[in-house]
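Given next are the chains, with one letter for each unit.
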Amino acid sequence: MTDVVQETIDSVTIAFDIPDEIVEDFKYAPGQFVTVKIPSEQTGHVARCYSLSSSPYVDDFRLEIGVKRTRDGYASNWLCDNVTVGMEMTVLAPSGQFTAKNLDVDMAFFAGGSGITPVLSLVKSALIAGGGEVVLFYANRDIESVMYGGQLEQIAAEFPERFSMVNWLESERGIPTAQAVTEILSDHKGTEVFMCGPAPFMDLVERAAVECGVNHANVHREVFQSLSGDPFDTATLRRLSDDEGIATATVYLNGDCITVEWPRNTPLLDVLLSQGHNAPYSCREGACSACVCRLVDGDVDMVQNNILVEEDVQDGERLACQALPLTDAVTVSFDAL
Ligand SMILES: Cc1cc2nc3c(=O)[nH]c(=O)nc-3n(C[C@H](O)[C@H](O)[C@H](O)COP(=O)(O)OP(=O)(O)OC[C@H]3O[C@@H](n4cnc5c(N)ncnc54)[C@H](O)[C@@H]3O)c2cc1C
């Protein structure tokens, strides 16, 4: 840890210094998250995901996360209370699909509370590396709970032509209204829409986006939830069905084409990891979409899917951590989704 800053009364920013030999593995796209191993006397450790608030276009090799205390939560409070400069922590490489394919387009962001973390990374990146207009709707309980207020004011002063921001405080205006969201979206229909915050807030934004005619493919949602599985345990091959047969998987991964035997009871991700292939993953429980790949040929079943919506599945997206083969031969690609 290179720096720990008290962001608000109930949140901290933690900056990581990445050892030289793994810097390449920690390159990230704005909007991605890391998975942090947090010690626990009860269970050994727990794993939690935290979005990177830093931008690869602005903050060089400094990776920052913003952690907000969850009431009665374990990991967030542990991080807020215990992390100090100089401490070493185990962190999985960045992953996640809450990213922009093109930073050069107009973008509308909707953030609620700590949902600002991936949004801040995207906003900074779009303004520095892109050329479109950026609008941010940022909802908070009250002025004391606003994370990154100073940084956002600085950004607004630096990019007055391309950046506008609505600061919505519940203490003054109640919970965000559909009308407030629609006002922004009706002016920005052709834009990419990114949202991160409490579920009812994101439902409101998504409904408004649909009503304003924003294309579904342009609406991106990041869900904050705690992992229950242990992504740090890669040694265990999970059995997700009783089928003892073997299929064949052809996998496009990191520019290579790999063919592996695929035991029909084992998720594709486990097969790849157990053979030393560097497939992306985080939660390993169908919740985070870090392991998403695209079906090219054949078919797979997903044992659990708590993140991909119907349109994603129709587009061929599948979660490798939950994928079991339905056909004898399956081809998937992790590259260029
Ligand atoms: C993609 C993604 C990005 C995210 N980004 C952010 C972010 O930028 N900022 C942010 O603040 N949050 C973020 N989150 C949410 C974050 O991962 C956590 O869900 C959040 O911090 C709450 O975790 P918690 O452990 O404090 O709370 P909880 O998960 O509610 O804690 C309670 C859980 O901990 C267990 N527990 C209690 N005591 C112990 C103990 N002693 N040992 C072991 N287990 C115990 C309980 O059994 C219970 O399951 C993100 C989540 C995701 C999926």
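Rules used in this analysis
- Residues numbered from 1 in each chain as written.
- Predicted model: local features only at pLDDT ≥ 70, side-chain atom pairs only at ≥ 80, totals over all residues.
- Heavy atoms only, no water.
- Domains from an automatic or database assignment.
- Near = heavy atom within 4 Å.
- Polar contact = N/O pair within 3.5 Å; in protein donor to acceptor, adjacent residues only side chain to side chain.
- Areas by Shrake-Rupley, 256 points an atom, 1.4 Å probe, with all protein chains shown as cover.
- Helix = DSSP H or I, 4+ residues; strand = E, 2+ residues; numbered from the N terminus.
- Nonpolar A, V, L, I, M, F, W, Y, C, P; charged D, E, K, R; others polar.
- Expected span 1.5 Å × (residues − 1).
- Buried < 20%, exposed > 50% of the residue type's maximum accessible area, 1.4 Å probe, protein only.
- Arc of directions from axis to C-beta.
- Axes fitted to C-alpha atoms, helices over the stretch in contact; angles between N-to-C directions.
- Parallel < 35°, antiparallel > 145°, perpendicular 65-115°, else oblique.
- Left-handed = near helix turned anticlockwise from the far one by under 90°.
- Contact = heavy atoms within 4.5 Å.
- Phe/Tyr/Trp six-rings, centres within 6.5 Å; stacked < 30°, edge-to-face > 60°.
- Lys NZ or Arg CZ within 6 Å of the ring centre and 35° of its normal.
- Pairing = 2+ DSSP bridges.
- Patch = residues over 30% accessible without salt bridge, like charges linked within 9 Å, V, L, I, M, F, W, Y side chains within 5 Å.
- Salt bridge = Lys/Arg side-chain N within 4 Å of Asp/Glu carboxyl O.

**Considering the domain arrangement of the chain**
Domains assigned within the chain are domain 1 (3-95), domain 2 (107-222) and domain 3 (246-333). The straight-line distance from the C-alpha centre of domain 2 to that of domain 3 is 32 Å.

**Remarks on the site of the ligand**
The environment of the ligand is formed by 23 residues, the closest being Ser40, Cys49, Ser76, Thr117 and Ser226. Lys68 places a polar main-chain atom, nitrogen or oxygen, 2.9 Å from an oxygen atom of the ligand. With respect to the ligand, the backbone of Tyr74 contributes an N or O atom lying 3.1 Å from an oxygen atom. In the complex, 78% of the free accessible area of the ligand, which totals 990 Å², lies under the protein chains. Within the residue set of the shell around the ligand, elements represented by two or more residues are strand 3 (33-40), strand 4 (44-51), strand 5 (63-68) and helix 1 (75-82). It is strand 4 that provides the largest number of residues to the shell around the ligand, a total of 5 residues. Looking at side-chain class alone, the shell around the ligand contains 9 nonpolar, 11 polar and 3 charged residues.

**Thoughts on unusual backbone geometry**
Phi at Arg284 is positive, roughly 60°, even though this residue is not glycine. Among the secondary structure elements, Arg284 is positioned in the loop between helix 7 (268-274) and strand 14 (292-297). Of note in this structure, Ser289 is not a glycine but carries a positive phi near 70°. The residue Ser289 is located in the loop between helix 7 and strand 14 in this model.

**Looking at helix 6 (residues 199-211)**
Relative to the 18 Å expected for 13 residues at 1.5 Å per residue, helix 6 spans 18 Å between its end C-alpha atoms, a close match to the ideal helical length. Of the residues making up helix 6, those classed as buried are Phe201, Met202, Leu204, Val205, Ala208 and Ala209. Buried residues of helix 6 fall within an arc of 155° about the axis and therefore sit on the same side. Opposite the packed face of helix 6, turned more than 90 degrees from it, sit the exposed residues Pro200, Arg207, Val210 and Glu211.

**Observations regarding the packing of helix 2 (residues 116-129) against helix 3 (residues 149-158)**
At a closest axis distance of 12 Å, the pairing of helix 2 and helix 3 adopts a crossing angle of 20°. One element, helix 2, and the other, helix 3, form an angle in the roughly parallel class. As for the relative orientation of helix 2 and helix 3, their crossing is left-handed in sense. In this structure, helix 2 uses Ile116, Leu120, Lys124 and Leu127 to contact helix 3, whose residues at the interface are Gln151, Leu152 and Ile155.

**Topic: the packing of helix 5 (residues 178-187) against helix 6**
Remark: helix 5 packs on helix 6, axes separated minimally by 9 Å, with the N-to-C direction vectors making an angle of 45°. In terms of axis orientation, helix 5 runs oblique to helix 6. Crossing hand, helix 5 versus helix 6: right-handed. In this structure, helix 5 uses Ala178, Val181, Thr182 and Leu185 to contact helix 6, whose residues at the interface are Leu204, Val205, Ala208 and Ala209. Here the contact of helix 5 with helix 6 is built from residues that sort into 7 nonpolar, 1 polar and no charged.

**Re the packing of aromatic side chains**
Under the definition given, this model contains 5 aromatic pairs. When the ring of Phe137 is compared with that of Phe201, the centres are 6.3 Å apart and the planes differ by 20°; the resulting orientation is stacked. Taken together, the residues Phe137 in strand 8 (residues 134-140) and Phe201 in helix 6 connect sequence positions 64 residues apart. For Phe137, a relative accessible area of 1% puts it in the buried group. Residue classification places Phe201 among the buried residues on the basis of a relative accessible area of 8%. Among the aromatic residues, those joined into a ring-pair cluster are Phe110, Phe137, Trp168 and Phe201. Between Arg284 and the ring centre of Tyr281, over which it is positioned, the NZ or CZ distance is 5.9 Å.

**Some details on the sheet that holds strand 6 (residues 91-95)**
With antiparallel pairing, the 3 strands of this open sheet are ordered in space as 4-3-6. Only two strands of the sheet have a single partner each, and these edge strands are strand 4 and strand 6. With strand direction ignored, the average angle separating the axes of adjacent strands in the sheet is 25°. Helix 1 contacts strand 3 and strand 4 of the sheet and is inclined by roughly 85° relative to strand 4.

**Focus: a nonpolar patch on the surface**
A contiguous nonpolar patch, built from Tyr57, Val58 and Ile128 and spanning about 270 Å² of accessible area, is present on the exposed surface. Its place among the elements puts Val58 in the loop between strand 4 and strand 5.

**Some points on the sheet that holds strand 18 (residues 329-333)**
Strand order in the open sheet formed by 5 strands is 13-12-18-14-16, with mixed pairing between adjacent strands. Edge positions in the sheet fall to strand 13 (256-263) and strand 16 (317-319), since each of these pairs with one other strand and no more. Direction aside, neighbouring strands of the sheet carry axes that sit 35° apart on average. Bridge count between strand 14 and strand 18: 3 bridges; the pairing is antiparallel. Across the sheet, the residue bridging to Arg294 is Ser333, located in strand 18.

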